[in-house]
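What follows is the residue order along each chain.
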Amino acid sequence: KNERRQSYENRPYGLVPETIAAALYPPEHPYSWPTIGSMDDLTAASRDDIAQFFRRYYHPGNASLCIAGDIDPAATKLLVEKYFGSLPAAAAVERPRPAAPELPGPKRLRMQDRVSLPRVYYAWHTVPGFAPDDAELDLLASVLAGGKASRLYRVLVHEKQLAQDVSAYQESSEIAGSFRLQATARPGKELSVIEEVIDQEIARIQAEPPSDAELERALNRYEVGFVTALESVGGFGGRADRLNQYNVLTGDPGYATQDFERYARVATEGIRRVARKYLTDKRVLLEVAPGTARTVEVVAGAAWPASAGTREAVGAAAAEPPRQAARSSATLDRSKVPQPGPSPRFQLPPFQRGKLANGLELLVIEHHELPTVSMNLVSRFGSAADPPEQLGLAHLFAAMLDEGTEKRSATQIADDLAALGASLSLGADWDTMTAKLFTLKRQLPRALEIYADVLTHPAFPEEELRRQQSLTRGRLVRLRDEPTALASLGVHASLWGHAHPYGRPELGSESSVGRITRDDLTALYRTRFRPNRATLIVVGDLTMSELVAALEPRLGGWEASHAPALSLPEPPAPRGTRITLVDKPGSAQSVIAVSQFGIERKSPDYFPLAIVNTLWGGQFTSRLNMNLREEKGYTYGARSGFEWRRQPGAFVARASVQTAVTAPALQEFLKELRDLVGDRPVADKELEFAKTYIERGYPAQFETSSDIAAKLEELVEYELPDDYFNTVVPKIRAVSLEDTRRVAQEYFHPDQLSIIVVGDRAEIESSLRELPEGKELVIGRFDDQFRLVEEH
């Protein structure tokens, strides 16, 4: 129930997926309800229901196991036989094969939600995954709304500036498929106008196929996603997941080549054909409008014909009692956890340093496993450098870099990158600006030419500046809908205050962003965004000599600057523990964020503090999560961690909890922190667990070329030594029990906490005031400058 509250009830637009599912599928279809069920379903579920479900479906005869990684296949097969071979299979499970649903006609629904911007959703029935037309529909989605070069992005977001965002995808599920499209209106724009444009673009692609160039862009986009997914061994979409998906859904775990070929065979006429065949008037269209409560009404279209009902239909399939699985007669003692082998020895591949004549530092790791290249330019300034009257300058600067150069327009940049399947992402955090390029190796020369053009010749066109200012205003409007984002803003504002750069909103405010001019962006570029103030991190299928030869003619003319280095004021002195309540009427949950000042990233106490955080709130079996989730059932999950800055950042523990238990949940946060520095210091068993947890999980942080580049970014941003990553595990292993207890006493201060609670004031204020820490509770709100101010 807490997961449902967190993912559905307390999330903007969170009830849309189940609303569309109920409209798109008849009530007896398995896809007509969400996998999590309803609150009534969850309340009604008994332990016996769960046990029977487990016995029916969770047995070897209904499972597919894939093991991928650095293994000995023969030895692994023996282990599989040992632990799985003796498990008996239960009755065979017949896969559901409902009839393909077909809408009797168009359906239009209107929902009110506690959101600030209207949004429209489209849904059509299509085909299951791997079926004929599935690949064509995927590429149709890309042509229509796959990135900046797509048709709908160009007309809705860029040209007419009607939408904040637009996206489309083919949902390729096992027994049915659907084509989905959505667009969010900009402040002051009407959904009806956006719908007109969407309908026009659908009609256009039905009338004539996309161009060869559009198809090439869509195919390149797909190819890059296909290749990069293979970098990861585990995780969603990684090799093990991909092999297993192929095995279960096609019967061939080696289906990858055929999978890619079905996309390569798609022709432009095939995309037009599926647009005509599936994107008809038999669709579900849902409008979401801002309101004070959540309501849904059917504006047009009939409901599905009456049936026995969902619960009865599902119950019929489970009416036959599941066979009780026989217990294994093997001698294997399953009460004893198998002992793992030795931990892997981690060694980051050696990297090389270099420098161009203009001072641009190079950090290069050769990574030849796949033909890809990741480039990440890290420039040493960020939002903390924003002048107080120009908050949001760094973020707006990042957004504007690829919106036009001296020889390319914004649309040309998007088209040129899409034609290569390359991606360029630009962003700012508190202390750095990043420009990340990802490309296949064969496209590197052309991709690098575009990348260099963006870095060295940005034009900051006036019309694009106005457009980006409009988009930022829309993001700021939506920010007020997000309880978790408001809690983060509150943490920073309450710890540092508005006088310190870290206490100000990174995106700025409507007025501060509106004051930024092209001259401001140009001045920032000339003084701060310079090669001698940046490091280019490159990880991929190339050598240092290849890189330098490619970079010098493209980036060598980028001129250095000699502006003074940035300096930050000292953070304010900590004050006593205080609760600030930010009202979010009607919230299904309260977001609790308990924070205090942390440490510098390069502090030698980083290692014992990493262990303390791991066992206190840094992973699933931490004290905090086991208390709030497993024992009390207050939350779907509670976590803690350090936010790293150039100066000491924040230490934050947070959770989304059911509204009714806000005050007791906060009590448990405080109890666990007091226990850590009081009667329950770190124990020997906890210390060893945390060391092993960090050690065994550490190599996975360097799995892909993008992962490695991101880790090297830490090296640059926090001025860590070159051998740092190879010393982490030994230094973690060297931490003593005394070290953990010392840093807990030194750095954790239950009497100096800033506590932010975002929730329904009418429901939780009185109980919070009854807490010892609630005597001085403050009611806060974010003003039009996104400053956290007290209500009086």
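Residues numbered from 1 in each chain as written. Predicted model: local features only at pLDDT ≥ 70, side-chain atom pairs only at ≥ 80, totals over all residues. Heavy atoms only, no water.

**As for the overall build of the protein**
Helix and strand counts for the protein stand at 29 helices and 19 strands. Taken over C-alpha atoms, the radius of gyration comes to 28 Å for the protein, in line with the 28 Å a tight globule of 792 residues would show. Counting the 792 residues in the protein, one finds 51% classified as buried. For the protein, contacts bridging at least 24 residues in sequence account for 81% of all contacts bridging at least 6. Entry remark: accessible area of the protein is about 35900 Å², with carbon and sulfur atoms responsible for 52%. Measuring between centres, the 94 positive side-chain charges of the protein sit 1 Å from its 108 negative side-chain charges. (Helix = DSSP H or I, 4+ residues; strand = E, 2+ residues; numbered from the N terminus. Rg over C-alpha atoms; globule rule 2.2 N^0.38 Å. Buried < 20%, exposed > 50% of the residue type's maximum accessible area, 1.4 Å probe, protein only. Contact = heavy atoms within 4.5 Å. Areas by Shrake-Rupley, 256 points an atom, 1.4 Å probe, with all protein chains shown as cover. Lys, Arg positive; Asp, Glu negative; His and termini not counted. Charge placed at Lys NZ, Arg CZ, Asp CG, Glu CD.)

**Considerations on the packing of aromatic side chains**
Per the stated rule, a full pass over the model turns up 35 aromatic pairs. Lying across the ring of Tyr 8, Arg 4 places its NZ or CZ 5.0 Å from the centre. Directly above the aromatic system of Tyr 525 lies the positively charged group of Arg 530, at a separation of 4.6 Å from the ring centroid. (Phe/Tyr/Trp six-rings, centres within 6.5 Å; stacked < 30°, edge-to-face > 60°. Lys NZ or Arg CZ within 6 Å of the ring centre and 35° of its normal.)

**With respect to a nonpolar patch on the surface**
On the surface, Leu 65, Ile 67, Ile 71, Phe 84 and Leu 87 cluster together into a nonpolar patch covering about 420 Å² of accessible area. Within the secondary structure, Leu 87 sits in the loop between helix H5 (73-84) and strand S1 (107-113). (Patch = residues over 30% accessible without salt bridge, like charges linked within 9 Å, V, L, I, M, F, W, Y side chains within 5 Å. Salt bridge = Lys/Arg side-chain N within 4 Å of Asp/Glu carboxyl O.)

**Comments concerning the pairing of strand S17 (residues 754-759)**
Within S17, six of the six residues are buried, leaving the element largely enclosed by the surrounding structure. Judged by which residues are buried, S17 turns out to be covered on both faces: Ser 754, Ile 756 and Val 758 on one side and Ile 755, Val 757 and Gly 759 on the other are all buried. Note that strand S13 (residues 578-583) and S17 share six bridges and pair parallel. Bridge pairing links Val 582 to Val 758 in S17. (Pairing = 2+ DSSP bridges.)

**Remarks on the sheet that holds strand S6 (residues 295-300)**
Taken together, the six strands give an open sheet; going across it, the order is S3-S4-S2-S5-S1-S6, and neighbouring strands pair in mixed fashion. Edge positions in the sheet fall to strand S3 (163-172) and S6, since each of these pairs with one other strand and no more. For this sheet the average axis-to-axis angle between neighbouring strands, irrespective of direction, equals 15°. With seven bridges joining them, S1 and strand S5 (residues 284-290) adopt parallel strand pairing. Directly across from Arg 110, in S5, lies its bridge partner Glu 287. The sheet strands contacting helix H17 (residues 462-479) are strand S2 (119-125), S3 and strand S4 (177-185), and the helix crosses S3 at an angle near 70°. (Axes fitted to C-alpha atoms, helices over the stretch in contact; angles between N-to-C directions.)

**Thoughts on the packing of helix H9 (residues 212-229) against helix H11 (residues 256-264)**
Put simply, H9 and H11 touch, their axes get as near as 10 Å, and they point 165° apart. In terms of orientation, H9 lies roughly antiparallel with respect to H11. Regarding H9 and H11, the two cross each other, and that crossing is right-handed. Touching Leu 219, Tyr 222, Glu 223 and Phe 226 of H9 are Ala 256, Asp 259, Phe 260, Tyr 263 and Ala 264, all from H11. A breakdown of the residues in the contact of H9 with H11 according to their chemical character gives seven nonpolar, no polar and two charged. (Parallel < 35°, antiparallel > 145°, perpendicular 65-115°, else oblique. Left-handed = near helix turned anticlockwise from the far one by under 90°. Nonpolar A, V, L, I, M, F, W, Y, C, P; charged D, E, K, R; others polar.)

**Things to note about the side chain of Asn 627**
Residue placement: Asn 627 occurs in helix H23 (residues 623-631). The exposure class assigned to Asn 627 is buried, which follows from its relative accessible area of 3%. With residues up to four places along the chain from it excluded, the contact list for Asn 627 reads Lys 632, Glu 668 and Glu 672.

**As for the pattern of salt bridges**
Two side chains bearing opposite charge may form a pair once their charged atoms approach each other closely. Following the criterion strictly, the structure yields 56 salt bridges and no others. Among the salt bridges present, the one from Arg 4 reaches Glu 9, with a minimum N-O distance of 2.9 Å. Among the ionic pairs, Glu 630 bridges to Arg 629, the shortest N-O distance being 2.7 Å. Accessibility expressed as a relative area gives 26% for Arg 629, which makes it partly exposed. Salt bridges here are not isolated pairs; linked through shared partners, they connect Arg 108, Arg 110, Glu 195, Glu 287 and Glu 297.

**Comments concerning the sheet that holds strand S8 (residues 361-366)**
Pairing within the open sheet is mixed, and its six strands lie in the order S7-S8-S12-S9-S11-S10. The open sheet has two edge strands with one neighbour each: strand S7 (352-355) and strand S10 (423-428). When strand polarity is set aside, the average angle formed by the axes of neighbouring strands in this sheet is 15°. Relative to strand S11 (residues 433-440), S10 is paired through six bridges, and the arrangement is antiparallel.

**Side note on the confidence of the model for the protein**
A residue-level look at the protein finds 97% of positions with pLDDT of 70 or above and a mean pLDDT of 93. Predicted confidence for residues 306-323 stays below pLDDT 50, and this span has 17 contacts to residues more than four positions away or in other chains. Per-residue pLDDT stays below 50 along residues 325-329; that stretch engages in two contacts with residues further than four places along the chain or on separate chains. (pLDDT = per-residue confidence, 0-100.)

**Here's the deal with the packing of helix H7 (residues 151-159) against H17**
Here H7 crosses H17 at 90°, and the two axes come no closer than 10 Å. In terms of orientation, H7 and H17 fall into the roughly perpendicular class. Where H7 approaches H17, its residues Tyr 153, Val 157 and His 158 are matched on the opposing element by Glu 464, Arg 467 and Leu 471. Residues belonging to the contact of H7 with H17 are distributed by class as follows: three nonpolar, one polar and two charged.

**Description of the nonpolar core**
One finds Leu 348, Leu 666, Phe 669, Leu 712, Phe 748 and Leu 768 to be the most contacted residues of the largest nonpolar core, which totals 71 residues. Sequence-distant contacts of Phe 669, defined by excluding residues within four places in its chain, comprise Ile 592, Val 594, Trp 616, Leu 624, Leu 628, Ala 653, Arg 654 and Ala 655. Core analysis: the second largest hydrophobic core is formed by 50 residues, Leu 356, Val 373, Met 400 and Leu 444 among them. (Core = buried A, V, L, I, M, F, W, Y, C linked by side-chain atoms within 4.5 Å.)

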